[in-house]
Amino acid sequence: MNVNGIDYRTVWMEGTSVFFIEQNLLPFQFSIQEAKTYHESCHAIRTMMVRGAGAIGAIAGFAMAQAACEAPVNDFSTFLQNARTEIESTRPTARNLFYAVEKVYAAALVSPAAAVSTAQKVADRDASDSRMIGEFGNELIRNGMNIETHCNAGWLAFVDYGTALSPVYLAHLQGKKIFVYADETRPRSQGARLTAWELKQAGVPHTIIPDNAGAWLMSLGKIDMMIVGADRIAANGDTANKIGTLEKAIAAKEYGIPFYVAAPTSTFDLDCADGTHIPIEERSEDEVLYMDGIAKDGRHERILVCSPGSHAFNPAFDVTPAKLITGIITEKGIIKPEKETISLRLT
Ligand code: MRU
């Protein structure tokens with residue numbers, strides 16, 4: 001994706017270093033950081049410097065490749081296994097992380113060079129899948145449509161292009177007149193900070209809406225379609241995505257608005273029979289209690305926004321049942337969220 005005239009991916013590997021766009025600093029500062037070791041890459045995932053299903057998958061694959069390069073010859077397999085456990089513990093919900101680690105770990109057992117080349121392939125595939133999702137999703141978008149999205153499933157959340165936003169970018173490039181409502185997505189505000197920033201960079205008309213405004217806008221007939229990303233999709237189509245997605249899907253059903261999930265097939269987990277088996281990450285209460293941003297004098301500030309002394313519960317994802325999902329836009333086409341259709345398309 002182009003930022004200030006330069007084409008970037010969100011994360012890439014050169015030699016044994018991983019480079020990435022530091023998403024916690026956006027939209028106030030655009031900064032590229034380097035992770036020299038697999039430990040540093042794990043830290044980048046855990047602290048959400050790199051976040052979003054596909055981007056997490058790519059950096060997790062690179063971290064596994066870094067571990068293969070760092071592993072001492074006399075203790076290779078124990079080092080590799082410990083590294084795998086550490087990488088897999090960074091973000092428990094995102095399926096792409098496990099998908100990438102499994103592939104790169106298998107290659108690392110052959111050689112460190114094979115691990116690096118497999119990790120590069122996983123990242124390349126994420127970008128090409130996202131591009132295809134744009135092609136298929138664009139067919140659903142008509143001129144004049146108002147589209148709502150939740151969280152950030154744009155190019156920052158993947159290696160390039162994005163999922164939920166990939167069709168939006170293509171429709172915009174083709175000259176379709178579209179408008180995007182971006183849910184702010186508390187507590188970390190990925191919609192207000194990242195989706196809005198991406199859309200502004202691309203010149204797509206949009207506005208940020210409070211998280212609790214979606215149902216009201218739908219009831220007024222202001223939303224024609226909703227497209228969201230996914231962090232893990234179970235075998236029956238139940239979909240884990242950023243907390244707040246479920247209530248949007250319920251509202252969309254009530255008002256007869258098509259509700260699409262956009263995700264590559266690498267996000268499907270056929271070992272999860274349904275959504276009840278998807279592990280849901282719980283994050284620090286501080287993400288709810290505090291907010292950070294830029295003060296008028298340009299200083300970065302973190303402030304308490306809740307009643308002092310109260311605690312907060314912070315589940316990072318929820319699960320939308322398949323029955324509320326109109327279709328899943330994948331790199332292989334748009335599929336019905338049903339067990340039979342999914343297993344057929346994935347094999
Ligand atoms: O916790 P995050 O920011 O890594 O959340 C993941 C997401 O970006 C969203 O759930 C998104 O809609 C899924 S697609 C990347």
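The preceding data block contains the structure.
What counts and how
- Residues numbered from 1 in each chain as written.
- Predicted model: local features only at pLDDT ≥ 70, side-chain atom pairs only at ≥ 80, totals over all residues.
- Heavy atoms only, no water.
- Core = buried A, V, L, I, M, F, W, Y, C linked by side-chain atoms within 4.5 Å.
- Buried < 20%, exposed > 50% of the residue type's maximum accessible area, 1.4 Å probe, protein only.
- Helix = DSSP H or I, 4+ residues; strand = E, 2+ residues; numbered from the N terminus.
- Contact = heavy atoms within 4.5 Å.
- Near = heavy atom within 4 Å.
- Polar contact = N/O pair within 3.5 Å; in protein donor to acceptor, adjacent residues only side chain to side chain.
- Nonpolar A, V, L, I, M, F, W, Y, C, P; charged D, E, K, R; others polar.
- Salt bridge = Lys/Arg side-chain N within 4 Å of Asp/Glu carboxyl O.

### A look at the nonpolar core
Here is step 1 of the chain: Ranked by size, the top nonpolar core spans 40 residues in total, and within it V11, F20, I59, M64, L80 and I87 carry the most contacts.
Here is step 2 of the chain: At the level of secondary structure, the elements contributing two or more residues to this core comprise β3 (11-14), β4 (17-21), α1 (38-46), α2 (53-70), α3 (76-88), α4 (95-108) and α5 (112-138).
Here is step 3 of the chain: Of the residues forming this core, the biggest block, 11 residues, is contributed by α2.
Here is step 4 of the chain: Aside from chain neighbours lying at most four places away, what touches V11 is V18, F19, F20, A55, A58, I59, F62 and V159.

### Thoughts on the site of the ligand
Here is step 1 of the chain: Surrounding the ligand, one finds 18 residues, the nearest of these being R51, R91, D231, N241 and K242.
Here is step 2 of the chain: In the model, an oxygen atom of the ligand is placed 2.6 Å from a nitrogen or oxygen of the R91 side chain.
Here is step 3 of the chain: The separation between an oxygen atom of the ligand and a polar side-chain atom of D231 is 2.5 Å.
Here is step 4 of the chain: Going through the elements one at a time, α2 and β11 (239-242) are the ones with two or more residues in the shell around the ligand.
Here is step 5 of the chain: Of the residues belonging to the shell around the ligand, the class tally is nine nonpolar, five polar and four charged.

### A closer look at the pattern of salt bridges
Oppositely charged side chains are able to pair whenever their charged atoms sit close together.
Here is step 1 of the chain: The tally for this structure, following the rule as stated, stands at 15 salt bridges.
Here is step 2 of the chain: Among the ionic pairs, R188 bridges to E287, the shortest N-O distance being 2.6 Å. Placement of the pair is R188 in the loop between β7 (179-183) and α7 (190-202) and E287 in helix α10 (residues 286-289), with a sequence separation of 99 residues.
Here is step 3 of the chain: By relative accessible area, which is 26% here, R188 ends up partly exposed.
Here is step 4 of the chain: Judged by relative accessible area, E287 falls into the buried class, the value being 12%.
Here is step 5 of the chain: A salt bridge links R232 to D269, with the shortest nitrogen-to-oxygen separation between them at 2.7 Å. Of the two residues, R232 sits in strand β10 (residues 232-234) while D269 sits in strand β13 (residues 268-269), which places them 37 residues apart along the sequence. Neither residue differs from the other here; R232 and D269 are each classed as buried.
Here is step 6 of the chain: One salt-bridge network, held together by shared partners, links R91, R188, E281, R283 and E287.

Take it as geometry only, folks, not as evidence of what the structure does.
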